[in-house]
Amino acid sequence: MAFAAGSPFILSSLSHAQPDVGLAKPAIVTPEKTSVAGAAPPPTEEVKTIPGMPPVLNPKNIYSETSGPEKLSPIVAHDLKRVYVPNLRGNSVSVIDQASFKVVDSFKVGRSPQHVVPSWDLRHLWVTNNAEGRADGSLTPIDPVTGRPGPSLPVDDPYNMYFTPDGKFAITVAEAHRRLDFREPLSMALIGSVSTPECSGVNHAGFSGDGRYAIFTCEFGGYLVKVDTVNRKVLGYLKLSKGGMPQDIQTAPDGHRFYVADMMADGVFIVNGDRFEETGFIPTGVGTHGEYISRNSKLLYVANRGSHKIHGPKNGPGSVSVIDLATDKVIKNWPIPGGGSPDMGNVSADGRYLWLSGRFDDVVYAIDTQTGAVRKIPVGLEPHGLTVWPQPGRYSLGHTGILR
């Protein structure tokens, strides 16, 4: 399928199709104690990535190419500096100008927009409209040069979306179906699917430094599932030791460890991805939900939504915790003044602001990363996975802007 002729979103087709791979019987792994909390194999001089993936230039920091505005790709040179906010209950996207902190545009999209996702090649922003239980899910492209949407594509249950590190596939996360759909990344034609039967509420993902596997969270089961990105098969499941509602997941700068936010455990699990073992836990705040790496790759910003409920109250005890990645300790905590519900978002290109949706309060927070001071910007009903654009980096792995 392709966009209508005459649209600014004419998409060419790529011959990335690969044969489907049968699923091996995955193992269910239970948490184990390790002698050194969070320990990971020392990085080698060169990371052997999967074919077609851009090289890892700094084995000790997979985010080295996202450190600031000087790392902005020429591809995004003419893109508007905007924040794109999907309003889940409003079936719309609010557009905020980063300089003025004001909503400058709003447009309708498909039903139940969940996230705004930058494409692997940085040329499109995709709104994932999963329709929440209905069969009319869709993806709506946004042109980042104009900030305007193009025609939507029908796609089954795209709660979230990622891209394999080699750029060959878009992965639409069909949460309701416990399934990962591998698609051609421009036309979104379905190539094949990976079933994740033990992963109820398959949700967010983090990719290893070499691109060989991804770990997805299972929101409604308290599990993680590890997926081979090359052979497209499930490698195993890991049951977290406590909590039971894993949300966002971020890969550590070393490319081996993963930080998993858990909304019921009120904190962040640390997982060794290579061994697929839980190695630690960091308490943060009520309803731990979203995670974002700072521009210098030294800090992890953690959004605590202020509630254990999927649809929580307004003005709850929401906050942002700041974790020092060298020590895995919380070094700051910024409560939302008057209460709030910080959810999903990203860091500005210069690292000065952390932008987060206020999920239950119908606002967006622009949080000063030096002081923790908060600006509140009213948007539509139930804002969710906003993206801040443009972002520094060479390519996007998806979600709300995981670039490397």
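Quick look at the structure, then. (Residues numbered from 1 in each chain as written. Predicted model: local features only at pLDDT ≥ 70, side-chain atom pairs only at ≥ 80, totals over all residues. Heavy atoms only, no water.)

1. Describing the pattern of salt bridges
And step 1. Here the structure, examined in full by the defined rule, presents 18 salt bridges.
And step 2. Put simply, aspartate 181 and arginine 179 hold a salt bridge, and the shortest N to O gap is 2.7 Å.
And step 3. Since its relative accessible area comes to 1%, aspartate 181 is described here as buried.
And step 4. The exposure class of arginine 179 is partly exposed, given its relative accessible area of 22%.
And step 5. Its salt-bridge partner being glutamate 277, residue arginine 275 comes within 3.1 Å of it at the nearest N-O pair.
And step 6. Overall, the relative accessible area of 40% leaves arginine 275 in the partly exposed class.
And step 7. Put simply, Arg89, Glu132, Arg305, Asp343, Arg359 and Glu382 are held in one network by salt bridges that share partners. (Salt bridge = Lys/Arg side-chain N within 4 Å of Asp/Glu carboxyl O. Buried < 20%, exposed > 50% of the residue type's maximum accessible area, 1.4 Å probe, protein only.)

2. Some details on the state of the cysteines
And step 1. Applying the stated criterion across every chain yields a total of one disulfide.
And step 2. Through a disulfide, cysteine 199 is tied to cysteine 218; the S-S separation comes to 2.0 Å. As the torsion about the S-S bond is roughly -110 degrees, the cysteine 199-cysteine 218 disulfide counts as left-handed. Of the two residues, cysteine 199 sits in the loop between strand E13 (190-195) and strand E14 (202-207) while cysteine 218 sits in strand E15 (residues 213-218), which places them 19 residues apart along the sequence.
And step 3. Here cysteine 199 falls in the buried class, since its relative accessible area comes to 0%. (Disulfide = S-S within 2.5 Å. Helix = DSSP H or I, 4+ residues; strand = E, 2+ residues; numbered from the N terminus.)

3. Considering the sheet that holds strand E12 (residues 179-183)
And step 1. In space, the four strands of this open sheet follow the order E10-E11-E12-E13, with antiparallel pairing throughout. Bordering the open sheet on either side are strand E10 (160-163) and E13, each of which pairs with just one other strand. Averaged over all pairs of adjacent strands, the angle between their axes in this sheet comes to 25 degrees, without regard to strand direction.
And step 2. As judged from the four bridges shared by E10 and strand E11 (residues 170-174), these two strands associate in the antiparallel manner. Paired with phenylalanine 163 across the bridge in E11 is alanine 170. (Pairing = 2+ DSSP bridges. Axes fitted to C-alpha atoms, helices over the stretch in contact; angles between N-to-C directions.)

4. Describing the sheet that holds strand E4 (residues 102-108)
And step 1. The four strands lie next to each other as E4-E3-E2-E30, forming an open sheet whose pairing is antiparallel. Each edge of the open sheet is held by one strand with a lone partner, namely E4 and strand E30 (387-389). Strand-to-strand twist across the sheet, computed as the mean angle between neighbouring axes with direction ignored, equals 25 degrees.
And step 2. The pairing of strand E3 (residues 92-97) with E4 spans six bridges and is classified as antiparallel.

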